[in-house]
Amino acid sequence: MSVTASTPSFADDTPGRAPGLVLGIESSCDETGVALVHASGQGVPRLEAHALHSQIEMHQAYGGVVPELASRDHIRRVLPLATQVLAAAGRSLAEVDVVAYTRGPGLAGALLVGSGVACALGAALGRPVLGVHHLEGHLLSPFLSADPPEFPFVALLVSGGHTQLMRVDAVGEYQILGETIDDAAGEAFDKSAKLMGLGYPGGPALSRLAETGDPAAFKLPRPLLHSGDLDFSFAGLKTAVLTQARKLGDALESRKPDLAASTQAAIVEVLLKKSMAALRQTGLRRLVVAGGVGANRELRQRLNAACLVARVRVHYPELHLCTDNGAMIAMAAAMRLQSGRAQAGRDYSFDVRPRWPLDAIDT
């Protein structure tokens, strides 16, 4: 990849000005993603091209993500993916106006790879850079869809170790209504799958197996379903799955589809009921679902049915953009710059924030 610096096409010190062409790099865990998003005026930025490499096959032998291996693989993948994206969009590197990257949360070593590459590219091009919050990327990812939402809305963010309900009034204006106090929904899927011996990645495997099972076969708990608040807790469900698996003993193998379906039903019911309660509490008529668990077919079907009855619009990212990807990072950067909530800069020193609460995004 050749790098040729040229005169920037926009003034990055002008808050709220359209950022132009944004290159986004995602490397927070076990997916390397690169994307180009173009923003002009105040309309929704447009995705020009994106590419993604998943490390699932590499980590399967270990039953989970190995951080050092993840970091090394990001190093191998990020520049070839950037070249691929530029070619697909018919763009040159010199046309990039802003380089955005995931600053956190995530695995420290993996975040350092994307941050380092992004800041090096920015310095070589003389372009400003912007660190992006990974969860804000997921939160705004439905704006990449053919049916983007409008503010304000309630957001159900179900990504990896995070399960949160938020009121979203604008870019950067987020009020947390409820969140997990222990295991998140994604962790409940993955840990339950591991207890059933389904391997890695567990969540998708459990969901596939659940399609052939009976969701009413086992009576599993719905933690905090009637708590009166919007918080979540899934650690007790995981314990109940473990207890049920032990009770089944040798019969577990033949009953796995039923146990998987019952586990999924418990998780989905809690997410559904809490989301509908958040809509009632806020009085809003629009729901956005984002994050990896947002791709779950059962969850989408149940939410679609409930929102139809309640006359609520529900929005999701495209299925291929539910996992970690560069498109959501480029989009979040473009929207933050466009709204004046952030300012890209030419200080190419960087740090990463492996632990970075969403409510501390501007600190």
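Rules of the game
Residues numbered from 1 in each chain as written. Predicted model: local features only at pLDDT ≥ 70, side-chain atom pairs only at ≥ 80, totals over all residues. Heavy atoms only, no water. Phe/Tyr/Trp six-rings, centres within 6.5 Å; stacked < 30°, edge-to-face > 60°. Helix = DSSP H or I, 4+ residues; strand = E, 2+ residues; numbered from the N terminus. Buried < 20%, exposed > 50% of the residue type's maximum accessible area, 1.4 Å probe, protein only. Lys NZ or Arg CZ within 6 Å of the ring centre and 35° of its normal. Core = buried A, V, L, I, M, F, W, Y, C linked by side-chain atoms within 4.5 Å. Contact = heavy atoms within 4.5 Å. Polar contact = N/O pair within 3.5 Å; in protein donor to acceptor, adjacent residues only side chain to side chain. Pairing = 2+ DSSP bridges. Axes fitted to C-alpha atoms, helices over the stretch in contact; angles between N-to-C directions. Salt bridge = Lys/Arg side-chain N within 4 Å of Asp/Glu carboxyl O.

### Points about the packing of aromatic side chains
Each aromatic ring pair is specified by the distance between its two centres and by the angle formed by the two planes.
Part 1 of the reasoning: Within this structure, the stated rule accounts for 4 aromatic pairs.
Part 2 of the reasoning: With a centroid separation of 6.4 Å and an interplanar angle of 50°, the aromatic rings of Phe143 and Phe153 are classed as tilted. Of this pair, Phe143 sits in the loop between helix H4 (134-140) and strand S6 (153-159) while Phe153 sits in strand S6, and the two are 10 residues apart along the sequence. Each member of the pair, Phe143 as well as Phe153, carries the same accessibility label: buried.
Part 3 of the reasoning: Ring centres of Phe232 and Phe234 lie 6.3 Å apart, and the angle between their planes is 15°; this geometry places the pair in the stacked category. Summarising the burial analysis for this pair, Phe232 and Phe234 share the class buried.
Part 4 of the reasoning: Ring pairs connect the aromatic residues Phe143, Phe151 and Phe153, which therefore count as one cluster.
Part 5 of the reasoning: Positioned over the ring face of Trp356 is Arg103, at 5.3 Å from the centre of the ring.

### A look at the nonpolar core
Soluble, globular proteins show a tendency: their nonpolar side chains are buried together.
Part 1 of the reasoning: Phe234, Leu271 and Leu287 are the most contacted members of the largest nonpolar core, which totals 46 residues.
Part 2 of the reasoning: Taken together, the elements giving at least two residues each to this core come down to S6, helix H5 (185-195), helix H6 (202-210), helix H7 (235-248), helix H8 (252-282), strand S9 (286-290) and helix H9 (297-310).
Part 3 of the reasoning: Considering every element that reaches this core, the biggest residue donor is H8, with 13 residues.
Part 4 of the reasoning: When near neighbours in sequence (up to four residues on either side) are disregarded, Phe234 contacts Asp182, Asp183, Ala184, Ala185, Ala188, Ile267, Val270 and Leu271.
Part 5 of the reasoning: In terms of nonpolar packing, the next biggest core, distinct from the first, is built from 39 residues, Ala35, Leu157, Tyr174 and Ala330 among them.

### Some remarks on the environment of Met166
Part 1 of the reasoning: Within the secondary structure, Met166 is located in strand S7 (residues 162-170).
Part 2 of the reasoning: On the accessibility criterion, Met166 (0% relative accessible area) is buried.
Part 3 of the reasoning: Here the alpha-carbon distance between Met166 and Leu271, two residues 105 residues apart in the chain, equals 13 Å.
Part 4 of the reasoning: Ignoring sequence-local partners within four residues, the contact set of Met166 consists of Leu139, Phe153, Val154, Ala155, Leu157, Tyr174, Gln175, Ile176, Leu177 and Leu358.

### Digging into the side chain of His74
Part 1 of the reasoning: Structurally, His74 can be placed in helix H2 (residues 67-89).
Part 2 of the reasoning: The class for His74 is buried, based on a relative accessible area of 0%.
Part 3 of the reasoning: For His74, the side chain forms a polar contact with the main-chain oxygen of Ser27, separated by 3.5 Å.
Part 4 of the reasoning: Within the local environment of His74, its side chain forms a polar contact with the backbone oxygen of Cys29, the two atoms lying 2.8 Å apart.

### Examining the sheet that holds strand S4 (residues 98-104)
Part 1 of the reasoning: Across the sheet, 5 strands lie side by side as S3-S2-S1-S4-S5; this open sheet has mixed pairing. Strands at the two margins of the open sheet, each flanked by one partner only, are strand S3 (46-54) and strand S5 (129-133). Going from strand to strand, the sheet's axes swing by 20° on average, the running direction of each strand aside.
Part 2 of the reasoning: Where strand S1 (residues 20-26) lies against S4, 4 bridges are found, and the strand directions are parallel. Its bridge partner lying in S4, Val22 is registered against Val98.

### Some remarks on the sheet that holds S7
Part 1 of the reasoning: Ordered in space as S8-S7-S6-S9-S10, the 5 strands form an open sheet in which the pairing is mixed. Every other strand in the sheet has two partners, leaving strand S8 (173-179) and strand S10 (313-315) as the edge strands with one partner each. Pairs of neighbouring strands in the sheet enclose a mean axial angle of 25°, with direction left out of account.
Part 2 of the reasoning: Of the strand pairs in this sheet, S6 and S9 are connected by 4 bridges, and their pairing is parallel. Counted as the bridge partner of Leu156 is Val289 from S9.
Part 3 of the reasoning: Taken strand by strand, H8 contacts S6, S7, S8 and S9, and its axis lies near 155° from that of S6.

### Some points on the pattern of salt bridges
Part 1 of the reasoning: Within the structure shown, the criterion is met by 21 salt bridges.
Part 2 of the reasoning: The partner of Glu269 in a salt bridge is Lys273, with the nearest N and O atoms 3.3 Å apart. One end of the pair is Glu269 and the other is Lys273, both in helix H8 and 4 residues apart, which spans about a single turn.
Part 3 of the reasoning: According to the relative accessible area criterion, Glu269 is buried, its value standing at 18%.
Part 4 of the reasoning: Connected through shared salt-bridge partners, Arg46, Glu48, Arg91 and Glu95 make up one network.

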